[in-house]
Structures are given as C-alpha cells and as structure tokens.
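So the chains spell out like this:
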Amino acid sequence: MTATQPGRIPCPACSQPLALPIEAVLTGQAIACAGCGLELTAQRETSHEALNALGRWYEETAEARTTAASGQASAAAGQTAKASRRVTRPRR
Amino acid sequence: MSDDSSEKAVATDIGGGGQPPTDGGDGGGTTAPTPRELPEPQSSVLSLAQLIGAPIHALVDAEAQSAMATARFIRSVGFTGNGDGMGDLGELQMARFKRRHRGADGSDEEVEVQIPLLSMLPIPALQIKDAELDYTVKIVQTEALPQRQAEVDQLMAAKRQGPTGEPPATLRATFAREQGSNGRRSVDMLVKMKLRIEQADMPGGLAQLLALASESSSQDVLAKRDEEGDG
Ligand SMILES: [Zn+2]
C-alpha cells in the first residue's frame, strides 16, 4: 500500500482511495468502498488503545473543527449574500 | 542624529512594554544631548541589528515551535509510547478493522485489516507563508568599530585593494513614533507585523514516515467459514 492523503487509505481490496471518516471509525459504523463495495468496520475489542487515542484527538480538535466549519459557512454565506444582492438589484 | 531625548522614553517600550513618556510632548522642550551624553549600551537603545533581528528571531522561534507541536502530535497520536518527553516512541498505533472477504473456494473469510492511526488523520503542520515587518526606527547614535575596520582592512589588503573610506559602524536605534497626518504625534509605533500562516506542504521526512506507516498496514485472515449465504 502507498501513502495517500491523510484521512484516506488505499482500499485493502481494490487499492482505490478510501475515505475513513473518524466519526464512523469511532462509532463502529461500516465504511464502504465506492470502488468495490468492501465494508470495513472498526473492531472496538482489539483496537482499544488506538480508538482511545483517536477519541482524544477527536475531542481535543472539536472546537477547531467547529470554528473552521463556521468560518467556511460564513464565507459561503457571504458569497451567497453578495450573489443574491447582485441578482436582486432592481433594473432601471 | 541624537537631537531628541524623548526617544529614549519611547524606546523603554521595547524592553518591557513600559509606559509612554509622561511629558506628553514631542521632546521639543528638552536640550539636545551630545553623543557623549548617551549612556553606553542601554536597554532602551539597541543596535539596529538587534532591533531588526528580534522580530525575525521571533518568527524563526515560532516556526520551530510549530514543528515541535507537529512532532508531539505524531508521538502522542501515532505511536504507542509515552507521548510526553522524548522517550521511546513505542510501536505504531494501529487501528484494527474487520472486513468480509469471499475466498476463491466460495467460503467467507473474515479478514482483519490493521491501519496505522497516522495515515487516518490530518497531521497539523503550520508554517508562516509570508511575513511583512514594518519598522519605524530612529537612529540615535552611530558608533565606529575599529576592530571591524581592522578586519576589513586586512581583507581588502589581501585583495590588493585600497582601504575603504568609511569605517563600518554600528547604528544604535530606537523604535520611533509614527507621526499623525496632522504632523502631531499619534500612537507609539514599535513594529507592525503581518503574518500569513498556512498548512505546510508535506515535509519529505513526514511523507516518508507516512509511506512507511501505510506500508505497515496489514491483513490477516481471522476465521474461515463455509458458505452460509450471509455474505
Ligand atoms: Zn475497494
């Protein structure tokens, strides 16, 4: 396997990039590969330490993620507002 | 050069965020000190090199701190060893996943996939993209450096060129006030700093680490079951 972007691993079956959403890993949800349909499920029993470390990271970065998300949202809203102003400007 | 003694009071701000001068004036009422009257190296008057160098040093320090934070993150999240300090890294922290796999003989295999945590997370690595430093300084003293002059003379002699006319000098300066638009004093200006910070490109070493981490992903067959039609 070769390194891909962070948060993505090469699918163990078809080697296509497979996104591993941290929430799904932490909650034990099955993560499906769009390429081959393979399903990966985190094993809580045997991955205690790793999932704890992941959970700590997730908690500690929650605020940063929220801030980043709201920043992106407000930037997007600003764009939309500008666009709508442009659209709704009355014509003479 | 040294025509304004009030600058000394301004310069105390550099040393420790001191009070602005209480005379409130522009130094017009004070007598101009001669260079001799200026105390020798004092905390408020620094060499120009120190003055310009300090913020640059701070930027380098900030980059180093950012790199250390990245290293700490990798240690604490990516490895099983104690995340604090610089002790043993331990092993790569691996998360274990289960996947179903149908074998060639039609039987269902349960396969364990081990994936290093490091390859699952975005690794924070910030760097200063650009920095804009805007200094407002006032040169209050120049000081000839005979020793440096001797070095320069020696160098120039070696190159069979004549000695330079002017001896090299150390400039002593303070951060000066910025004048308001009406010519009156506005706020004290020390140094204006504008930074742009971005996620750094993956450093070579980190890319190599991630590649190694990815290579350590592994799969093991856990159990083999006969076809039950539940795959
Ligand atoms: Zn796949």
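Residues numbered from 1 in each chain as written. Chains lettered and ligands numbered in written order. Predicted model: local features only at pLDDT ≥ 70, side-chain atom pairs only at ≥ 80, totals over all residues. Heavy atoms only, no water.

An unreviewed UniProt entry annotates chain B as DUF2589 domain-containing protein originating from Pelagibius litoralis.

Draft legend 1. Main features of the overall build of chain B. Each helix and strand in chain B was counted, giving four helices and eight strands. Reading chain B from its N terminus to its C terminus gives the helix and strand order α-β-α-β-β-β-β-α-β-β-α-β. Taking the intrachain contacts of chain B between residues at least 6 apart in sequence as the baseline, contacts between residues at least 24 apart amount to 70%. For chain B, the accessible area works out to roughly 14100 Å², and carbon and sulfur atoms hold 53% of it. (Helix = DSSP H or I, 4+ residues; strand = E, 2+ residues; numbered from the N terminus. Contact = heavy atoms within 4.5 Å. Areas by Shrake-Rupley, 256 points an atom, 1.4 Å probe, with all protein chains shown as cover.)

Draft legend 2. Structural context of the interface of chain A and chain B. Taken together, the 27 residues of chain A in the interface contact 26 residues of chain B. A combined buried area of about 2200 Å² lies between chain A and chain B, and 67% of that area is made up of carbon and sulfur atoms. Linking chain A to chain B there are zero salt bridges. Counting across the chain A and chain B interface gives four residue pairs in polar contact (both at pLDDT 80 or more). Taken together, the elements giving at least two residues each to the side of chain A that touches chain B come down to β1 (8-10), α1 (22-27), β4 (39-42) and α2 (48-60) of chain A. Residue contributions to the side of chain A that touches chain B peak at five residues, all from α2(A). (Buried area = accessible area lost by both parts, 1.4 Å probe. Salt bridge = Lys/Arg side-chain N within 4 Å of Asp/Glu carboxyl O. Polar contact = N/O pair within 3.5 Å; in protein donor to acceptor, adjacent residues only side chain to side chain.)

Draft legend 3. Looking closely at the environment of B:V60. With respect to the helices and strands, the residue B:V60 is situated in helix α2 (residues 48-78). For the pair formed by B:V60 and B:I128, sequence separation is 68 residues and the distance between their alpha carbons is 9.3 Å.

Draft legend 4. The packing of aromatic side chains, seen in detail. Residue and element names in this part refer to chain A. A full pass over the atoms with the stated rule returns zero aromatic pairs over all chains. Positioned above the aromatic ring of W57, the side-chain terminus of R65 is 5.7 Å from the ring centre. The cationic tip of R65 hangs over the ring face of Y58; the distance from NZ or CZ to the ring centre is 3.9 Å. (Phe/Tyr/Trp six-rings, centres within 6.5 Å; stacked < 30°, edge-to-face > 60°. Lys NZ or Arg CZ within 6 Å of the ring centre and 35° of its normal.)

Draft legend 5. The arrangement of the pattern of salt bridges in detail. Residue and element names in this part refer to chain B. Enumeration over the complete set of coordinates arrives at four salt bridges over all chains. Ionic pairing is found between D130 and R196, a salt bridge with its closest N-O pair at 2.9 Å. Of this pair, D130 sits in strand β4 (residues 126-135) while R196 sits in strand β7 (residues 191-199); the two residues are 66 residues apart in sequence, bridging distant segments of the chain. Relative accessible area serves as the criterion here: at 32%, D130 is assigned to the partly exposed category. Residue R196 is classed as partly exposed on the basis of its relative accessible area of 48%. A salt bridge links K194 to E132, with the nearest nitrogen and oxygen atoms 3.9 Å apart. With a gap of 62 residues between them, K194 in strand β7 and E132 in strand β4 connect regions that are remote in the sequence. (Buried < 20%, exposed > 50% of the residue type's maximum accessible area, 1.4 Å probe, protein only.)

Draft legend 6. Structural view of the coordination of the zinc ion. Around the zinc ion, the protein contributes the donor atoms A:C11 (SG), A:C14 (SG), A:C33 (SG) and A:C36 (SG), at 2.3 Å from the metal centre. Along the chain, the residues donating to the zinc ion are arranged with the sequence spacing C-x2-C-x18-C-x2-C. (Donors = N, O, S within 2.8 Å, 3.2 Å for Na, K, Ca; no water.)

Draft legend 7. Structural detail: the nonpolar core. In terms of nonpolar packing, the biggest core is built from 33 residues, with A:L20, A:V25, A:L40, A:L54, B:F97 and B:M120 touching the most fellow members. If one sorts the elements of this core by residue count, α2(A) sits on top with five residues. Excluding residues within four positions of it along the chain, A:L40 makes contact with A:I9, A:P12, A:L18, A:L20, A:Q29, A:A30, A:I31, B:F97, B:K98, B:R99, B:V113 and B:I115. In terms of nonpolar packing, the next biggest core, distinct from the first, is built from five residues, B:L46, B:L48, B:L51 and B:A173 among them. (Core = buried A, V, L, I, M, F, W, Y, C linked by side-chain atoms within 4.5 Å.)

Draft legend 8. Fine view of the confidence of the model for chain A. Across chain A, pLDDT averages 79, with 77% of residues at or above 70. The low-confidence segment residues 87-92 of chain A, where pLDDT is below 50, has zero contacts with residues more than four positions distant or belonging to other chains. (pLDDT = per-residue confidence, 0-100.)

Draft legend 9. Region of interest: unusual backbone geometry. Residue and element names in this part refer to chain A. One non-glycine residue with positive phi stands out, namely S15, at about 70°. By the element assignment, S15 lies in the loop between β1 and β2 (17-19). Looking at S15, the relative accessible area reads 53%, which means it is exposed.

Draft legend 10. View of the confidence of the model for chain B. All names here are of chain B. Looking at chain B as a whole, the pLDDT averages 70, with 61% of positions reaching at least 70. The low-confidence segment residues 1-36, where pLDDT is below 50, has 52 contacts with residues more than four positions distant or belonging to other chains. Residue range residues 227-231 is modelled with pLDDT below 50. Its contacts to residues more than four positions away, or to other chains, number eight contacts.

Draft legend 11. Here's a closer look at a nonpolar patch on the surface. All names here are of chain B. A grouping of L126, M193, L195 and I197 is seen on the molecular surface, where their side chains present a nonpolar patch of about 370 Å² in accessible area. No other element matches β7, which puts three residues into the nonpolar patch. With respect to the element layout, I197 can be found in strand β7. A relative accessible area of 53% places I197 in the exposed class. (Patch = residues over 30% accessible without salt bridge, like charges linked within 9 Å, V, L, I, M, F, W, Y side chains within 5 Å.)

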